[in-house]
Amino acid sequence: MLHEFLLLGCGTSTGVPLAGCVCAVCQSNNPRNFRNRTSGLITFASGDSFLIDAGPDLRHQCLTHKVRRVDSVLYTHAHADHILGTDDLRAFNFTLKNRITCYGTTETLQGIRSAFPYIFAPNEKYLGGLVAQLDVVEVPPLGEMSVHGVLVKYFPLPHGNVTVTGFRIGELGYATDCKGISPEAREVLQGVKILFLDGLRWEAHNTHNSIHEAIEIARSLGAETTYLIHTTHTIEYDEVSRKLPPGVKLGYDGLRVRFEDYSATR
Ligand SMILES: [Zn+2]
Ligand SMILES: [Zn+2]
Ligand SMILES: [Zn+2]
């Protein structure tokens, strides 16, 4: 079955432009230097849609790309730039009249519950309008699970003290917020065709891949095309694109790719 991945945002935790910054990238008119917080949306062949993280730019991203459906969400981890749009998920509760299933590891779901206590443990005295109607499903740090009838393979990624969930669906692999990759991730991602991979900036960082590290990971996995995501305002799209090796590209907000999940018999 052929599915679509839409890159809703490819920016680092601050977004690009960085508020208050007067550097050339932050003042650039090139739309590819405008990066919302890193997030994606998979629309399966069935029409069901699977959001990858619900960051602070979620509402704006959905309006920009005319997203009409969010049926479920995979949270990669509970850092603010990946979860703080959670409240805005209720727009889809209103329009679709459905509850939304949120997938994450125990650690990630714990972080989301404590960031949004009024959603997961509502205080009747304090309620205003309708809170987001969310159901949670725990995913194993390593393993596979069907989402809307499509097999999703999950694996852990090292991100400082936090373990991030990466995933693979057929030809597509996604590994945001990581410094290196785990042996488990390496096994699952081997030979991946389309890879979205953390490549923060040229300079080294404690918890994110530098672009040099990302290139090396992509090469070692034999990835056919790798899109670097979670990039900062030190990355000028055209200038850096010219320096990347064949098969490695910068992601950009609004990028759409189609991919197979190898289960054509369904
Ligand atoms: Zn992040
Ligand atoms: Zn800047
Ligand atoms: Zn993070």
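Residues numbered from 1 in each chain as written. Chains lettered and ligands numbered in written order. Predicted model: local features only at pLDDT ≥ 70, side-chain atom pairs only at ≥ 80, totals over all residues. Heavy atoms only, no water.

Asks: Is there a simple way to think about the coordination of the zinc ion (ligand 1) in this case?
Replies: Reference values for angles at a metal are 109.5 degrees in the four-donor tetrahedral case and 90 or 180 degrees in the six-donor octahedral case. Looking at the metal site, the zinc ion (ligand 1) is ligated by Asp 81 (OD), His 82 (NE2), Asp 177 (OD) and His 230 (NE2), spaced 2.1 to 2.2 Å from it. One can describe the site at the zinc ion (ligand 1) as irregular: its four donor atoms subtend angles covering 91 to 164 degrees at the metal. Within one chain, the residues donating to the zinc ion (ligand 1) are spaced in sequence as D-H-x94-D-x52-H. (Donors = N, O, S within 2.8 Å, 3.2 Å for Na, K, Ca; no water. Tetrahedral: all angles 85-135°; square planar, octahedral: opposite > 155°, others 65-115°.)

Asks: Explanation requested: the packing of aromatic side chains in the structure shown.
Replies: In total, this model carries nine aromatic pairs according to the counting rule given. For the ring pair Phe 5 and Tyr 174, a centre distance of 5.8 Å and an interplane angle of 45 degrees mean the geometry is tilted. Of this pair, Phe 5 sits in strand 1 (residues 2–9) while Tyr 174 is found in strand 10 (residues 172–175), placing the two residues 169 residues apart along the sequence. Taken individually, Phe 5 and Tyr 174 each receive the classification buried, so the pair is uniform in this respect. Here the aromatic rings of Tyr 237 and Tyr 252 are separated by 6.2 Å at their centres, their planes lie at 90 degrees, and the arrangement is edge-to-face. Here Tyr 237, found in helix 8 (residues 237–243), pairs with Tyr 252, found in the loop between strand 13 (248–250) and strand 14 (256–260); they are 15 residues apart in sequence, far enough to count as distant. Among the aromatic side chains, those forming a connected cluster through ring pairs are Phe 5, Phe 167, Tyr 174, Phe 196 and Tyr 227. The aromatic ring of Tyr 252 is capped on one face by Arg 32, whose charged end is 3.6 Å from the ring centroid. (Phe/Tyr/Trp six-rings, centres within 6.5 Å; stacked < 30°, edge-to-face > 60°. Helix = DSSP H or I, 4+ residues; strand = E, 2+ residues; numbered from the N terminus. Buried < 20%, exposed > 50% of the residue type's maximum accessible area, 1.4 Å probe, protein only. Lys NZ or Arg CZ within 6 Å of the ring centre and 35° of its normal.)

Asks: Mind showing me how you'd approach the coordination of the zinc ion (ligand 3) here?
Replies: Binding of the zinc ion (ligand 3) to the protein goes through His 77 (NE2), His 79 (ND1), His 159 (NE2) and Asp 177 (OD), at separations of 2.2 to 2.3 Å. Considering all four donor atoms around the zinc ion (ligand 3), angles at the metal cover 90 to 171 degrees and the coordination shape is irregular. Spacing between the donor residues of the zinc ion (ligand 3) along their common chain follows H-x1-H-x79-H-x17-D. Separating the zinc ion (ligand 3) from the zinc ion (ligand 1) is a distance of 3.5 Å, and Asp 177 supplies a donor atom to each of them. Here Asp 177 lies in the loop between strand 10 and helix 6 (183–189) and His 159 lies in strand 8 (residues 150–159), a separation of 18 residues in the sequence. Taken as a pair, His 159 and Asp 177 share a single burial class, namely buried.

Asks: Even after reading the chapter, I still don't get the sheet that holds strand 5 (residues 100–104), so can you show me in this structure?
Replies: The strands that make up a sheet pair up through hydrogen bonds in the backbone, lying either parallel or antiparallel. Pairing is mixed in the open sheet, where seven strands are placed in the order 6-5-4-3-2-1-14. Strand pairing shows two members of the sheet lacking a second neighbour, strand 6 (134–138) and strand 14, which therefore form its edges. Averaged over neighbouring strand pairs, the angle between their axes works out to 25 degrees when direction is ignored. Note that strand 1 and strand 2 (residues 39–43) share five bridges and pair antiparallel. Looking at strand 2, one finds that Gly 9 is bridged to Ser 39. (Pairing = 2+ DSSP bridges. Axes fitted to C-alpha atoms, helices over the stretch in contact; angles between N-to-C directions.)

Asks: Please clarify how the sheet that holds strand 8 should be interpreted in this entry.
Replies: If you trace the seven strands from one edge of the open sheet to the other, you get 7-8-9-10-11-12-13, paired in mixed fashion. At either margin of the open sheet sits one strand with a lone partner, and together these are strand 7 (143–147) and strand 13. Strand-to-strand twist of the sheet, defined as the mean angle between neighbouring strand axes without regard to direction, takes the value 25 degrees. Summarising the sheet, strand 12 (residues 225–229) and strand 13 pair through three bridges and their orientation is parallel. Looking across to strand 13, one finds that Tyr 227 is bridged to Lys 249. Contacts between helix 7 (residues 211–221) and the sheet are confined to strand 11 (194–198), strand 12 and strand 13, with strand 11 contributing the most and set at about 150 degrees to the helix. (Contact = heavy atoms within 4.5 Å.)

Keep in mind these values describe shape, not function.
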